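What the coordinates show
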Amino acid sequence: MDGIDVSAVDLRLTDGTVELTPLGHRAVGYPAALREALLTALPPNGCTAGELCRLDTEVGQAFATAAGEALTDLAGGRADLIASLGQTIYHWVDGSRCLGTLQLGQPAWIAEYTGLPVIADLRVRDVAAGGHGAPLAAMLDQLWLSGATEPVAALNIGGIANITVVGPDAPTLAFDTGPGNALLDTAARMVSDGVWQQDVDGELAAQGTVRADLLATLLADTYYVKQPPKSTGKEHFHADYLRAALEGVPHVPAVDLLATLVELTACTIAQACRGRGVGKVVASGGGVRNPVLMAALRRCLDPVPVVTSDELGLPTDAKEAYLAALLGFLTWSGIPADAAGATGAAGPRLLGSITPGKGPLHLPDPVTTAVTRLRVC
Ligand SMILES: Nc1ncnc2c1ncn2[C@@H]1O[C@H](COP(=O)(O)OP(=O)(O)OP(=O)(O)O)[C@@H](O)[C@H]1O
Ligand SMILES: [Mg+2]
């Protein structure tokens, strides 16, 4: 919810290998009022149907502008299609199942503004097939990281942190480990009365001490011991959740709160990797920019090395935007884009809904050969 990540990508399929050439990426902040309205609509607050309609429209319009500018600046004004993961506003999990998921950013605005077909609503088909619809990174990570002699975990630290474990001997598994930056950002807003949106560079956390009592309270959440596939969201890890945890312990100074939440994120990620034979972690997402979080993560995972996705050719800030492009390309090519079973779906599924561009849809003939690898080149 910090903004819109846009990328332009050239994608080709040759002999079962997807060749992905990044053409460029950028982050476009949401207009301040829209961001504030999105944050306000999050649980535990909720919002009316009228507000939801307004948010869906305004996010769609913001996506349209961002896509149109990227089309001109990054893709020379030419593209076949646009793929949009949307802005998650609610991810409905009950027990071990995901029952629904809602992403805002009405694709008609993007199609109208750019004239291009738009593939959106990529998550919900996986949910309809019994999966969690998240994390959808499994397909990219599996194609990109398979072939190693020991399991590799691709980690994305967004609001929620998620890993994909790709191994030589076991099927790919993708699940949310718990909070990434969500509680850190919530705490930053809480301790500054809404002035700070984040603890920039972990400056507060670096001055604090981990409070064992608060950490124990937070770690008692049963989400962490659930077996994957599993997913979660900001409807679980929100401001009231944090307030309830704080009420159960003596006063926690701001710097100690941030330090404890850094530790919570780092140790729950490490715990999720443990026991799965992970030999390397490839990290991406905004959390990689927080040096205090990265130091804690390296300590908790030691001796397992943590590298960033940059080192393997995909920029940490834009991996999810490149993922959206890949999912759109696969869908357009008639290829199921949910790595079979990784999120719990009954089998491989074609994802997404397609909104036509200026003219009628002309989809390419569906690809029938198996897609087995992804090469960033
Ligand atoms: N310099 C920094 N210091 C501390 N935290 C940072 C820094 N830069 C980015 N972040 C964190 O990264 C977050 C943005 O990361 P990202 O865009 O990957 O996630 P998101 O958009 O919130 O989540 P999602 O991908 O789950 O929708 C910020 O909200 C902030 O918490
Ligand atoms: Mg973001």
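The model shown is predicted, which means the values in this text are computed figures rather than measured ones.

**Quick notes on the pairing of strand β2 (residues 17–29)**
Across 12 bridges, the pairing between strand β1 (residues 3–14) and β2 is antiparallel. Following the sheet pairing, Ser 7 is matched in β2 by His 25. Pairing of β2 with strand β13 (residues 373–376), which is carried by four bridges, proceeds in the parallel orientation. Bridge pairing links Val 18 to Leu 374 in β13.

**Details of the pattern of salt bridges**
Taken as a whole and judged by the stated rule, the model has 10 salt bridges. Between Asp 141 and Lys 319 there is a salt bridge whose closest N-O contact spans 2.7 Å. Residue Asp 141 is located in helix α5 (residues 138–145), and its partner Lys 319 is located in helix α12 (residues 319–332); the two are separated by 178 residues in the primary sequence. Lys 319 carries the same exposure label as Asp 141, and that label is buried. A salt bridge links Asp 240 to Arg 243, with the nearest nitrogen and oxygen atoms 2.6 Å apart. Highlighted residues: Asp 240 and Arg 243, both in helix α9 (residues 239–247), separated by three residues, approximately one helical turn. According to the relative accessible area criterion, Asp 240 is partly exposed, its value standing at 36%. A single network of salt bridges, built from pairs that share partners, joins Asp 10, Arg 12, Glu 19 and Arg 375.

**Overview of the site of ligand 1**
Surrounding ligand 1, one finds 16 residues, the nearest of these being Asp 2, Gly 159, Asp 185, Asp 201 and Gly 286. Contact between ligand 1 and Met 1: an oxygen atom at 3.4 Å from a main-chain N or O atom of the residue. Gly 159 has a polar backbone atom sitting 3.0 Å from an oxygen atom of ligand 1. Expressed as a share of its isolated accessible area of 630 Å², the protein-covered part of ligand 1 is 79%.

**Brief notes about the sheet that holds strand β10 (residues 280–284)**
Pairing between the strands of a sheet is mediated by backbone hydrogen bonds and can be parallel or antiparallel. Read from one edge to the other, the open sheet built from five strands follows the order β9-β8-β7-β10-β11, with strand pairing classed as mixed. Two strands bound the open sheet, and with one partner strand each, they are β9 (173–179) and β11 (306–308). Neighbouring strand axes in the sheet, compared pairwise and without regard to direction, differ in orientation by 25° on average. Bridging between β10 and β11 involves three bridges; their strand directions are parallel. Bridging across to β11, Val 281 finds its partner in Val 306. Along the sheet, helix α10 (residues 254–273) contacts β7 (152–157), β8 (160–166), β9 and β10; its crossing angle with β9, the most-contacted strand, is approximately 155°.

**Here we look at the packing of aromatic side chains**
A full pass over the atoms with the stated rule returns four aromatic pairs. Between Tyr 223 and Tyr 224, the ring centres sit 6.3 Å apart and the planes meet at 80°, which makes this aromatic pair edge-to-face. Its relative accessible area of 4% is what places Tyr 223 among the buried residues. The exposure class of Tyr 224 is buried, given its relative accessible area of 9%. Taken together, the aromatic side chains of Tyr 223, Tyr 224, Phe 237 and Tyr 241 make up a single cluster linked through ring pairs.

**Considering the sheet that holds strand β6 (residues 118–120)**
The strand order across the open sheet formed by three strands is β3-β6-β12, and the pairing between neighbours is mixed. The sheet is open, and its two edges are formed by β3 (82–83) and β12 (353–355), each paired on a single side.

**Side note on the domain arrangement of the chain**
Reports of interface size often rely on the accessible area that becomes lost once the parts have come together. Taken domain by domain, the chain consists of domain 1 (4–132 + 350–376) and domain 2 (138–312). Centre-to-centre separation of domain 1 and domain 2, based on C-alpha positions: 24 Å. Counting from both sides, the interface comprises 18 residues of domain 1 and, opposite them, 15 residues of domain 2. Taken over both partners, the interface formed by domain 1 and domain 2 buries close to 1,500 Å², and the fraction arising from carbon and sulfur atoms is 57%. The tally of links from domain 1 across to domain 2 stands at zero salt bridges. One can count seven residue pairs in polar contact (both at pLDDT 80 or more) joining domain 1 with domain 2. Mapped by element, the contributors of at least two residues to the side of domain 1 that touches domain 2 are α1 (32–41), β4 (87–94) and β13.

**Things to note about a nonpolar patch on the surface**
A cluster of nonpolar side chains, Tyr 90, Trp 92, Leu 99 and Leu 102, forms an exposed patch at the surface whose accessible area comes to about 380 Å². Every element with two or more residues in the nonpolar patch is listed here: β4 and β5 (97–104). Structurally, Trp 92 can be placed in strand β4.

What counts, and where the lines are drawn
- Residues numbered from 1 in each chain as written.
- Chains lettered and ligands numbered in written order.
- Predicted model: local features only at pLDDT ≥ 70, side-chain atom pairs only at ≥ 80, totals over all residues.
- Heavy atoms only, no water.
- Pairing = 2+ DSSP bridges.
- Helix = DSSP H or I, 4+ residues; strand = E, 2+ residues; numbered from the N terminus.
- Salt bridge = Lys/Arg side-chain N within 4 Å of Asp/Glu carboxyl O.
- Buried < 20%, exposed > 50% of the residue type's maximum accessible area, 1.4 Å probe, protein only.
- Near = heavy atom within 4 Å.
- Polar contact = N/O pair within 3.5 Å; in protein donor to acceptor, adjacent residues only side chain to side chain.
- Areas by Shrake-Rupley, 256 points an atom, 1.4 Å probe, with all protein chains shown as cover.
- Axes fitted to C-alpha atoms, helices over the stretch in contact; angles between N-to-C directions.
- Contact = heavy atoms within 4.5 Å.
- Phe/Tyr/Trp six-rings, centres within 6.5 Å; stacked < 30°, edge-to-face > 60°.
- Domains from an automatic or database assignment.
- Buried area = accessible area lost by both parts, 1.4 Å probe.
- Patch = residues over 30% accessible without salt bridge, like charges linked within 9 Å, V, L, I, M, F, W, Y side chains within 5 Å.

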